[in-house]
Amino acid sequence: MDREETGVRRQERDAFGASVLRAEPAVPPLSRPRNKRDGIARYSGHKRRATRKQGGTVEYFDASPLIDIGGGAFLHPQVKMEVNNMSEEVKISEENQFSFENPEYRKTYWHTCSHVLAQAVKRLWPEVKLAIGPSIDNGFYYDMLAPFSFTPENLAEIEAEMRKICKEKLKLERFELPRAEAIKFMEEKEEPFKVELINDLPEDAVISFYKQGEFTDLCAGPHLDSTGRVKGNAIKLLACNAAYWRGDSNRETLQRIYGIAFPKKEELDAYLERIEEAKRRDHRKLGKELGLFAFRDEAPGFPFYLPKGMVLKNTLIDYWRQVHKKWNYVEISTPQIMKRTLWETSGHWDHYKDNMYTTVIDGEDFAIKPMNCPGSILVYELEPHSYRDLPLRYGELGLVHRHELSGALHGMFRVRCFTQDDAHILLAKDQIKDEVIRIARLFDEVYSLFGLPYKIELSTMPEDHIGTREDWEKAESALADAITSIGKEYVVNPGDGAFYGPKLDFHIQDSLGRTWQCGTIQLDYQLPGRFDLEYTTSDGGKDVPVMIHRVVFGSIERFIGIITEHFAGAFPAWLAPVQVKILPVTDRALDYAKDLSDALDGQGFRVEVDDRNEKIGKKIREATLEKIPYMLVVGDRDMENQTVSVRLRTGEDLGAMSVADFAARLKQDVDTKGIWEKCVPLTAARGRTRTAVSDSATGAPASGQRKDGGHFRWFCTLPGPPGRYTIRKNIRHFLQRRRL
């Protein structure tokens, strides 16, 4: 055998060794049920056989984490995985099985990076105590207890040490210890959090460790086989935040260092650029700049809507009402404060009390509603119902209050009071499938309007639940059957259902490729029975209805935050707080501008006049920064010809047109709710994304007008994950060449 062939064989062996967990399972199955507070990975193992290129087979365990704190085995060509609860072949090409195309490899890569991070910190500051260090959806983190606060300078030192560790190409070796020896081992290393984790493991658990050089960590794995497989110059530590140990505010406050890593530096650079773009789109920043909403220290977590923000909110609500009327919902409104006895019957008092605001009225306990469902049940109880009334669809834009920890508050994304666009549907069991299909189609209509693609998760029974397992399994099957019958796929999110029933969660994707859980369809067999609800069946008997809880936006506040960042504040014309800004060139055109404003306002459009004594260039720049869709520049010639000169916020000059023609154009935009400036990913495959083109000066996507008066969209194809492409030079020339 010549040297070249030997080298090829060695590469094959190394690659294979990095991808399978050899005969001794690195991730043993554990029997303990899922517990989000455990802070230690739980795995269920499935033995598989892999065929080696050199011949023969090797057994390994395909492990799946029951808690998202890292781990999971690599996927291989033609291994089976669960999709929609059906076993399907998942084929990953040989060239991609050890790349970030493979999500399991990506998780393992980031998990190893978290160990490199911990090793670097321990080298620099041995007194730091380690907690947990998982991979997450976008990178990795490690929780630590340090006698000082990590600064940006400290993070730079850690990054440099991590690069050294990667260059050292330290081999990762797994070993196991009995419980007593494992505890003693961690006590000698003065790692109290690790000792606690070991003590909380079930008696029959296999306790494993991973060693790399002088560093050893308690871990279920799996990992890469060497730190040398991590690209040192493609690691970036992003932030350091506070985190409670095991999510308990009564426990130690740790420091959580977040990081990201890629196999190539170019990929890291592209990711960091997207992070910067996300900062530019931050809804808290844009909300202040555009005069939409504000927050005050006097009311932490409670948003203040400003005049333009109220226009945006009310426009969304008007659209919500329009859609729900079309889909045969009736709107109700229920009280915000109701008696404790109601919440005890519903189960909220026992299962959700920590998140509720309570008060005492006339010596009796009351609670401010955190959810709308009990109110809908009281409305249903007001009169008898028969099978002919079902499904009965109650829609409610209810203001709810939920206590959130101060550290969890985040702009409009996480607030303490919000308007939930709720609906509760009472129906017979044989109507479930058809109704879930109707709801899914309603969701599809709404999300498509905003250019928001989505994925669906089926969240199943949690540990803290009411009702029997039989009822839960029946409900889960009903949701799964309904969604697959219309050709939709879903993934299972085990143990994350509501305490009263399973749910389908709709995760929308914004223009930066981030996902947000907004819509949900929750099937509830429990609450109607707890409230003794009934209806008369077709044979004159009595039966208990089923309840579906569902929201589309999730909450108005959160959805406003999402679309503010999705559109970078450049809302489509129908949604924009100000649709038209009239810019008189001189004071001579001021009266004409005001007459135009009155005329357009009379047609229902939202118009402002910039009557300041400023140069027209400054007025245009400021209106562009305000992201107003249309600017009407009026001067002496426009007054003479009774026309307006129309500009878009993208910088495109549409020229002069009559007032009637412009009003017709704007009316079409508003009536059709068109998004003629679209900045969303269209396709994403193998690292290439079709993304709307946007103008560097405005941050808005570029668009234009066809000869027939309609609109067209411009797109370009870019490497890397979804993002915005900025045209920096000669945008008009570029658009002429890129028209689709």
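Refer to the preceding data block for the structure.
Presented here is a report on the structure given in the accompanying data block. Quick caveat: nothing in here was measured; it's all calculated off a predicted structure.

It is worth spelling out the overall build of the protein chain at this point. Secondary structure assignment for the protein chain yields 20 helices and 38 strands. Counting all 740 residues of the protein chain, 53% fall into the buried class. Taking the intrachain contacts of the protein chain between residues at least 6 apart in sequence as the baseline, contacts between residues at least 24 apart amount to 69%. Counting only carbon and sulfur atoms, one obtains 48% of the accessible surface of the protein chain, whose full area is about 34,100 Å².

What follows is about the packing of aromatic side chains. Taken as a whole and assessed by the stated rule, the structure comprises 28 aromatic pairs. Residues Phe 499 and Tyr 500 carry aromatic rings whose centres are separated by 5.1 Å and whose planes lie at 75° to one another, so their mutual orientation is edge-to-face. For the pair Phe 499 and Tyr 500, a shared accessibility class is recorded, and that class is buried. By way of ring pairs, the aromatic residues Phe 100, Tyr 105, Tyr 109, Trp 110, Phe 262 and Tyr 271 are connected into one cluster. A cation over an aromatic ring shows up here: Arg 256 above the ring of Tyr 141, its NZ or CZ 4.0 Å from the ring centre. In this arrangement the basic side chain of Lys 673 is found over the ring face of Trp 574, its NZ or CZ atom lying 5.4 Å from the centre.

Here three strands make up an open sheet; going across it, the order is β8-β9-β10 and the pairing antiparallel. Looking at which strands have only one partner, the edges of the open sheet turn out to be β8 (172-177) and β10 (215-218). Strand-to-strand twist of the sheet, defined as the mean angle between neighbouring strand axes without regard to direction, takes the value 25°. With four bridges joining them, strand β9 (residues 207-212) and β10 adopt antiparallel strand pairing. Considered in β10, the bridge of Gln 212 is made with Phe 215. Running at roughly 125° to β10, helix α2 (residues 103-124) makes contact with β8, β9 and β10 of the sheet.

This part is about a negative patch on the surface. On the surface, Asp 591, Asp 595, Asp 598 and Asp 601 cluster together into a patch of negative charge. Position of Asp 598 among the secondary structure elements: in helix α16 (residues 590-602).

Looking now at the pattern of salt bridges. Counting across every chain of the model gives 48 salt bridges. With a closest N to O distance of 2.8 Å, Asp 217 and Lys 194 form a salt bridge. Here Lys 194 lies in helix α5 (residues 192-200) and Asp 217 lies in strand β10, a separation of 23 residues in the sequence. Across the pair, Lys 194 and Asp 217 agree in class, each one buried. A salt bridge links Glu 608 to Lys 581; the shortest N-O distance between them is 3.5 Å. With Glu 608 in strand β29 (residues 607-609) and Lys 581 in strand β28 (residues 580-584), this residue pair connects regions lying 27 residues apart in the sequence. Glu 608 sits in the partly exposed class, given a relative accessible area of 27%. Under the relative-accessibility criterion, Lys 581 is labelled buried at 10%. Via salt bridges that share partners, Arg 123, Glu 161, Lys 164, Glu 168 and Glu 214 belong to a single interconnected network.

Here we take up the pairing of strand β18 (residues 364-368). Alignment of strand β16 (residues 337-339) against β18, held across three bridges, turns out to be antiparallel. The partner of Ile 337 across the bridge, within β18, is Ile 368. In terms of strand pairing, strand β17 (residues 357-361) meets β18 through five bridges, oriented antiparallel. The residue of β18 that forms the bridge with Tyr 357 is Ile 368. Count of turn residues in the β17/β18 antiparallel hairpin: two residues, of which Asp 362 carries a positive phi of about 55°.

What counts, and at which threshold
Residues numbered from 1 in each chain as written. Predicted model: local features only at pLDDT ≥ 70, side-chain atom pairs only at ≥ 80, totals over all residues. Heavy atoms only, no water. Helix = DSSP H or I, 4+ residues; strand = E, 2+ residues; numbered from the N terminus. Buried < 20%, exposed > 50% of the residue type's maximum accessible area, 1.4 Å probe, protein only. Contact = heavy atoms within 4.5 Å. Areas by Shrake-Rupley, 256 points an atom, 1.4 Å probe, with all protein chains shown as cover. Phe/Tyr/Trp six-rings, centres within 6.5 Å; stacked < 30°, edge-to-face > 60°. Lys NZ or Arg CZ within 6 Å of the ring centre and 35° of its normal. Pairing = 2+ DSSP bridges. Axes fitted to C-alpha atoms, helices over the stretch in contact; angles between N-to-C directions. Patch = residues over 30% accessible without salt bridge, like charges linked within 9 Å, V, L, I, M, F, W, Y side chains within 5 Å. Salt bridge = Lys/Arg side-chain N within 4 Å of Asp/Glu carboxyl O. Lys, Arg positive; Asp, Glu negative; His and termini not counted. Charge placed at Lys NZ, Arg CZ, Asp CG, Glu CD.

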